[in-house]
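# Examination of the molecular architecture
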Amino acid sequence: NKWWITDEVRYGWKFIHREDRLSQPTRRQFGVKTAAPWGRAIAEAATALSAVESTGKRLALMVSPMLSCEDAYALAVAALAIDGNCILAVGPVPIHGHDKTFPLGAKADDPKAFTMYAEKAPNARGVRRVLQALADKHQLGSVASYEQLLAELRVSTIGGVIVTGNYPSEWVTTDLVEAVKGKTLVVIDTLPTALSDAAEVVLPGATWAEKTGCFQNAKDTVQAFEQAVPVREGGKAEAQIGLDLLAAVTGGAAGLYNAADIRNQMAAECPALAALAATVQPAVGSVETDADMAVVEL
């Protein structure tokens, strides 16, 4: 863009390597958090969330705007398999300051101008688009905003909540912690928070650089990204967690997450998402890796 990469982008990767990253699923037993293998953690999450329906209350899923479209879809499909009347909501969208545009020429509306947006979330539009398509399919009405979800949580119509985070910094508010008290809480996140401390089950997710997926930017352009670094040991892409959770609920096989397969499923199940499979092309490029092992001809 003939300008520069912003400081907030240049420094936007350091949380990936934080020493306190969540790296082990945990479950709450007799009021104490204990480490659990992935299979048991997923099974307990599915069992606890499925039990909510017997109380006459609803399940809610809050999808972070930091997640990919594929993450949102896989998690929402799993949540709707547990409760077909599940409340679908977008997590808090960080906004700081105002949009700032740096024109290339004399005109401020130059289409090639470089803009720093006040909205600090990579995929709020994509997550909302995916959730709304599923909400329409299941006749659930409009996708809830974070504020609307908080209001629903306060009136106790919700008995269980799946909360996703993946924010690069502290994001959990006192209001949210208070609103989920007394409810079955499953947290999928990358960094420890007050919510992960309170959750019945905690499932470690993957940051944006550790998975493949697509994002819809502020100009509504959908771009696909390839995995750049391996997932931190002990973590999983949220879309894979969604597939695992769905398998635990339905008794089927989870399979391995593949972004293109998920987009094709989106297109088949929700015509409003067909463009994601038809127009989004995965990034391509040759990658050569030198083997660690020395090879000697004999």
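Right, let's walk through the structure included here. Each residue is numbered by its place in its chain's sequence as written, counting from 1. Local features in a predicted model are, by the rule used here, given only for residues with pLDDT of at least 70; side-chain atom pairs are given and counted only at 80 or more, and totals for whole chains, interfaces and linings are based on all residues. To get the side-chain values, take all heavy atoms of the structure and skip hydrogens and water.

By definition here, a salt bridge exists when the distance from a side-chain nitrogen of Lys or Arg to a carboxyl oxygen of Asp or Glu is within 4 Å. Taken as a whole and assessed by the stated rule, the structure comprises 13 salt bridges. Between Lys 211 and Asp 71 there is a salt bridge, and its shortest N-O distance comes to 2.8 Å. Separated by 140 residues along the polypeptide, Lys 211 in the loop between β9 (201–204) and β10 (213–216) and Asp 71 in helix α3 (residues 69–82) bring together distant segments of the chain. Both residues of the pair, Lys 211 and Asp 71, count as buried. In this description a helix means any DSSP run of H or I spanning at least four residues, a strand means any run of E spanning at least two, and both kinds are numbered starting from the N terminus. Here's how the labels work: a residue is buried when its accessible area is under 20% of the maximum for its type, exposed when over 50%, partly exposed in between, all with a 1.4 Å probe on protein chains only.

In this section: the environment of Thr 221. As for its position among the elements, Thr 221 is in the loop between β10 and β11 (222–225). Measuring from C-alpha to C-alpha, the distance between Thr 221 and Gly 126 comes to 9.5 Å, with 95 residues separating the pair along the chain.

Our next topic: the packing of aromatic side chains. Only the six-membered ring of Trp is used, alongside the rings of Phe and Tyr, when aromatic pairs are assigned; centres must lie within 6.5 Å, and planes under 30 degrees apart are stacked while those over 60 apart are edge-to-face, with the rest tilted. A complete count under the given rule lists two aromatic pairs for this structure. Judged by centre distance (4.8 Å) and plane angle (25 degrees), the rings of Tyr 167 and Trp 171 are stacked. The buried category is assigned to Tyr 167, whose relative accessible area is 3%. Their ring planes at 70 degrees and their centres at 5.7 Å tell us that Phe 215 and Phe 225 sit as a pair that is edge-to-face. Here Phe 215, found in strand β10, pairs with Phe 225, found in strand β11; they are ten residues apart in sequence, far enough to count as distant. Note on geometry: a ring has a charge over it if NZ (lysine) or CZ (arginine) is within 6 Å of the ring centre and within 35 degrees of the ring normal. Over the aromatic face of Trp 38 sits the side chain of Lys 236, whose NZ or CZ is 4.7 Å from the ring centroid.

Once that is clear, we can look at the nonpolar core. Here, the term nonpolar core denotes a set of buried Ala, Val, Leu, Ile, Met, Phe, Trp, Tyr and Cys residues that are joined through side-chain atoms within 4.5 Å. Counting 52 residues, the largest nonpolar core has Leu 61, Tyr 73, Leu 88 and Leu 203 as its most contacted members. Here this core takes eleven residues from α3, the largest share from any one element. In this structure, Met 66, Val 172, Val 187 and Ala 199 belong to the second largest nonpolar core, which totals 27 residues.

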